[in-house]
Amino acid sequence: MDKWLNSHWFARAVALLLAVMMWMVVNLESEQTPTSEASQPVFIDGVTLHVKYDTDRFQVVKQQRTVKVALESNNPFYRHNYFPADSMEVYVDATNLGKGTHKVPVQYKGFPDEVKVGIIPNIVEITLEEKKTVEREVTVEKLGQVAPGYTAGEPIVKPFRALVRVPESQVNKVAAVKASVDLEGATSAIKTTVPLKVVDKSGNVIQGADVIPLTVEVNIPVTSPFVKVPLKLNLTNEMPNGYSLASMDMNVDEVTVFGPKEVIDAIKANTYPGPEIDLANITSDRLLELKIPLMDNIVKVEPEYLKVSLKVVPSTTKRLEKIPIRISGLSETMQAKVLSTDGQELSTIDFDVIGAAQVLDQLRHEDLQVIADVSNMPAGVYEVPLNYIFNQPDYIKTSASAPKKVTIEITNKRR
């Protein structure tokens, strides 16, 4: 034993063993002792405080919105103000509380077990008010103006009443339920679905008010400028030989025409062209229902359809004698006369007319004109067509033997 103690190798081995033991003691203590950073809590301000309560019956009207959270953990995420709100929540549970002001403890969930959590304050006050339901008629708020000349009609709302749920203290603030519709530049009817908003007497939206339904359907008619004008039928071709039109009755004599202002202004003093009726194949009474055509740029015509009753009878012939021949279009410096086949001056003409007996019986000489138009004709002798004009042009026609032309001599007036 004394030999070992006196050996320098033995002394060196003991020194090395002591050195290793000292290193292990120092390092193990360092690892097991918490660092000063981990032992200090981290405070996170402005964490949202959620309130759980019976939303069908109550409304939170007073509460603390945020709290401060103290976290103590070795996890570096929590030591650097990291708060994953999607998985962790700070809240108060008022689901079993009634109306009034309550002091409730602040709770939390979703934090890992190794995290120590502290909430400041850990008790908060909340005030619950019972919800009340009121019924209001939906009013339409028109925004903007329709196109110039157009008029917006009375809105139709479906449904036209709504239920509003608000805290009891706000019931008297509910002035109206509004649906806002944009009319700007509209030229046709507006049909749209819009959300509802609850407003007070000043027109301000009441936040947090529940409204049933959330949306309504709104229809607003938009009327273009319009004018009422007489309706004129367009009868084409002649009836077959042996048949005449005794009468023609329409269920309306005038129509309401809708369109842009400049178009309406242009037709105010005119008639509106009705549907076309071809007489070429009509040999018996007819009752027709015809669609009234739309002229260019016309939006609408009311009524859309026209009923026309045609009374057809056998034709008769009547002789008209000494009907004056009128010359139109003659220059002031000219004079004219109608010449017969033998060169004599002629002032009247005889001819036959064809029509329904009851129509011809009422025909007077003053109900027709025979006109020869010499507009822009210089001095000379001309064959000029005759134009037969009747007060009832759709009911009477001239016979095939009636003169079609006359000879007219035009001369300069003597000075």
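Residues numbered from 1 in each chain as written. Predicted model: local features only at pLDDT ≥ 70, side-chain atom pairs only at ≥ 80, totals over all residues. Heavy atoms only, no water.

## A short note on the overall build of the chain
Step number 1: Across its full length, the chain holds five helices and 31 strands.
Step number 2: The burial tally for the chain puts 33% of its 415 residues in the buried class.
Step number 3: When contacts within the chain are restricted to residue pairs at least 6 apart in sequence, long-range pairs at least 24 apart make up 71% of them.
Step number 4: Surface accessibility of the chain: about 26,300 Å² in total, with carbon and sulfur atoms responsible for 51%. (Helix = DSSP H or I, 4+ residues; strand = E, 2+ residues; numbered from the N terminus. Buried < 20%, exposed > 50% of the residue type's maximum accessible area, 1.4 Å probe, protein only. Contact = heavy atoms within 4.5 Å. Areas by Shrake-Rupley, 256 points an atom, 1.4 Å probe, with all protein chains shown as cover.)

## A word on the side chain of histidine 102
Step number 1: Along the chain, histidine 102 turns up in strand S5 (residues 100-105).
Step number 2: A distance of 3.5 Å separates a polar atom in the side chain of histidine 102 from the backbone oxygen of glycine 100. (Polar contact = N/O pair within 3.5 Å; in protein donor to acceptor, adjacent residues only side chain to side chain.)

## Here's the deal with the sheet that holds strand S29 (residues 380-390)
Backbone-to-backbone hydrogen bonds pair the strands of a sheet. The strands run either parallel or antiparallel.
Step number 1: Pairing is mixed in the open sheet, where eight strands are placed in the order S26-S25-S31-S29-S28-S24-S27-S30. Of all strands in the sheet, those with a lone pairing partner are strand S26 (345-346) and strand S30 (397-398), marking the two edges.
Step number 2: Relative to strand S28 (residues 368-373), strand S24 (residues 316-328) runs parallel, the two being bridged by four bridges. From the neighbouring strand, isoleucine 325 faces S28, where its bridge partner is valine 370. (Pairing = 2+ DSSP bridges.)

## Structural notes on the pattern of salt bridges
Oppositely charged side chains can form a pair if their charged atoms are brought close together.
Step number 1: Counting across every chain of the model gives 17 salt bridges.
Step number 2: Across the pair aspartate 45 and lysine 68 runs a salt bridge whose closest N-O atoms are separated by 3.7 Å. Placement of aspartate 45 in strand S1 (residues 42-52) and of lysine 68 in strand S3 (residues 66-72) is noted, with a sequence separation of 23 residues between them.
Step number 3: Among the ionic pairs, lysine 131 bridges to aspartate 210, the shortest N-O distance being 2.8 Å. Pair noted here: lysine 131 is in strand S8 (residues 123-143) and aspartate 210 is in strand S14 (residues 210-212), with a separation of 79 residues, a long-range link.
Step number 4: With a relative accessible area of 10%, lysine 131 lands in the buried category.
Step number 5: Through salt bridges with shared partners, one network takes in Lys52, Glu89 and Lys109. (Salt bridge = Lys/Arg side-chain N within 4 Å of Asp/Glu carboxyl O.)

## A closer look at the packing of aromatic side chains
Step number 1: According to the stated counting rule, one finds three aromatic pairs in the structure shown.
Step number 2: Residues tyrosine 108 and phenylalanine 111 carry aromatic rings whose centres are separated by 5.6 Å and whose planes lie at 85° to one another, so their mutual orientation is edge-to-face.
Step number 3: Since its relative accessible area comes to 39%, tyrosine 108 is described here as partly exposed.
Step number 4: Here phenylalanine 111 falls in the buried class, since its relative accessible area comes to 10%.
Step number 5: Above the ring of tyrosine 91, the side-chain terminus of lysine 52 is found at 5.2 Å from the ring centroid.
Step number 6: The ring of tyrosine 91 carries the charged tip of lysine 109 above its face, separated from the ring centre by 5.7 Å. (Phe/Tyr/Trp six-rings, centres within 6.5 Å; stacked < 30°, edge-to-face > 60°. Lys NZ or Arg CZ within 6 Å of the ring centre and 35° of its normal.)

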